[in-house]
Amino acid sequence: MAFTRPLLSLALRKAKGVIHHPCYRQVTLSSTEVKPLTISQARKCLMDMVGTFYKAEEGGVFVIRKEENMLPIKSHQEECPVRHMKDSYQEVIIPLGHDPLVRDKYLSFVRGLRFGRLLEDLDTFAVWICYIHNQNPNKGQFLKSPLSTVTALVDRIDLHNLAISPYKDVKMCGHVTWVGKSSMEVTMTVEQEADGDMQQMLTARFVMVARNPETGEAAVVNPLLPDGEQEWAMFYLGERMWGMELQQEGQGLKQLSHQSQASARCWHPLLSSLHCLLGHTSYFYQRQQSQTAKAGGLPT
């Protein structure tokens, strides 16, 4: 689904009073129609939404089969239903305050919050939101999704100078804010009661991608149509930030084609040690070898 850049630029200029910086965005939607689920309930809903593929033997040959109650995999995005940001908005509660058994799983050895556990919940929450976005409202809610959704990038996490207490309930809100052909950006906030009011403790943006389990290739996702100037601005910013990430992809250690001979000599000892650890058959080794050969770098 294509949108003209003049329209996006106009929406961005009109929304400057709402969104001040391209790297800092928040969940602005809210809904009284959404009933918050606990994180364990959200995981169960996610498992019920994902279809399964399995191998079956037919005439001595194994073939891949799938469940009957699954949506078809579309080849072109124009065939997918158009979705809105409000369609994927969800809320989840982590019951740290009134469930001691859940709280024990989030307590660190210094009686603080285990941040890694919270990141796992954010990842699960983002995947669940993506599957909700890719539902087909014309087919009903009972058909499972054939797509495999994985995390491509934790784009940004902003901490708001407030410590998250492991003794109070945590609320997570989020929705899809940008969609490409097979990529989706999910913006989420973590809220908790502080000083008598609900405060935003954290804002996170995850980029997810959809894969076709039958072919292992990228799969198209439902297009996103923003409503209003603020949503258009968020959509455009997501598009611009993802484009910046793709431009910077070639600056990592694994790609030496743009680096000088002096830079290659600096990183050569580290890369050689990684080869010993990962093995000469690893994808890292093969890709670095090809990039070094193109750049005329040092042989290994």
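Model, not experiment: these values are computed from the prediction. All residue numbers here refer to positions counted from 1 along the written sequence of the relevant chain. Two thresholds apply to this predicted model, a pLDDT of at least 70 for residue-level local features and 80 or more for giving and counting side-chain atom pairs, whereas whole-chain, interface and lining totals are computed over all residues. Values reported for side chains reflect all heavy atoms of the structure, with hydrogen atoms and water molecules removed beforehand.

**Quick word on unusual backbone geometry**
When glycine is set aside, most residues are seen to have a negative phi, and most peptide bonds are trans.
Right, so step 1: Residue Arg111 is not a glycine yet carries a positive backbone phi of 65°.
Right, so step 2: Comment: elements are numbered from the N terminus, with helices defined as DSSP H or I runs of at least four residues and strands as E runs of at least two. Residue placement: Arg111 occurs in the loop between helix H3 (100-106) and helix H4 (115-133).
Right, so step 3: A positive phi is found at Asp195, a non-glycine position, where the angle reads about 60°.
Right, so step 4: Checked against the element boundaries, Asp195 lands in the loop between strand E7 (183-194) and strand E8 (197-211).
Right, so step 5: Burial classification: accessible surface area is computed with a 1.4 Å probe over protein chains only, and a residue below 20% of its type maximum counts as buried, one above 50% as exposed, and the rest as partly exposed. Residue class for Asp195 comes out exposed when judged on its relative accessible area of 78%.

**Some points on the confidence of the model for the protein**
Right, so step 1: Confidence along the protein averages 78 in pLDDT terms, with 67% of residues attaining 70 or more.
Right, so step 2: Per-residue confidence from the predictor is reported as pLDDT, a score between 0 and 100. Throughout, a contact is declared for two residues whenever any of their heavy atoms are within 4.5 Å. Under a pLDDT of 50 for its full length, residues 280-284 has, in the predicted model, 9 contacts with residues more than four places off or in other chains.

**Let's talk about the nonpolar core**
Right, so step 1: What makes a nonpolar core is a set of buried Ala, Val, Leu, Ile, Met, Phe, Trp, Tyr and Cys residues whose side-chain atoms join them at distances within 4.5 Å. Ranked by internal contacts, the top residues of the largest apolar core, which has 47 residues, are Ile94, Leu122, Trp128, Met172, Val186, Met188 and Met208.
Right, so step 2: Among the secondary structure elements, those contributing two or more residues to this core are helix H2 (39-49), strand E4 (90-94), H3, H4, strand E6 (170-179), E7, E8 and helix H5 (228-247).
Right, so step 3: With 10 residues, H4 is the single largest residue contributor to this core.
Right, so step 4: Filtering out sequence-adjacent residues up to four positions away, Met208 remains in contact with Asp123, Ala126, Val127, Cys130, Thr149, Val150, Thr151, Ala152, Ser182, Ser183, Met184 and Val186.

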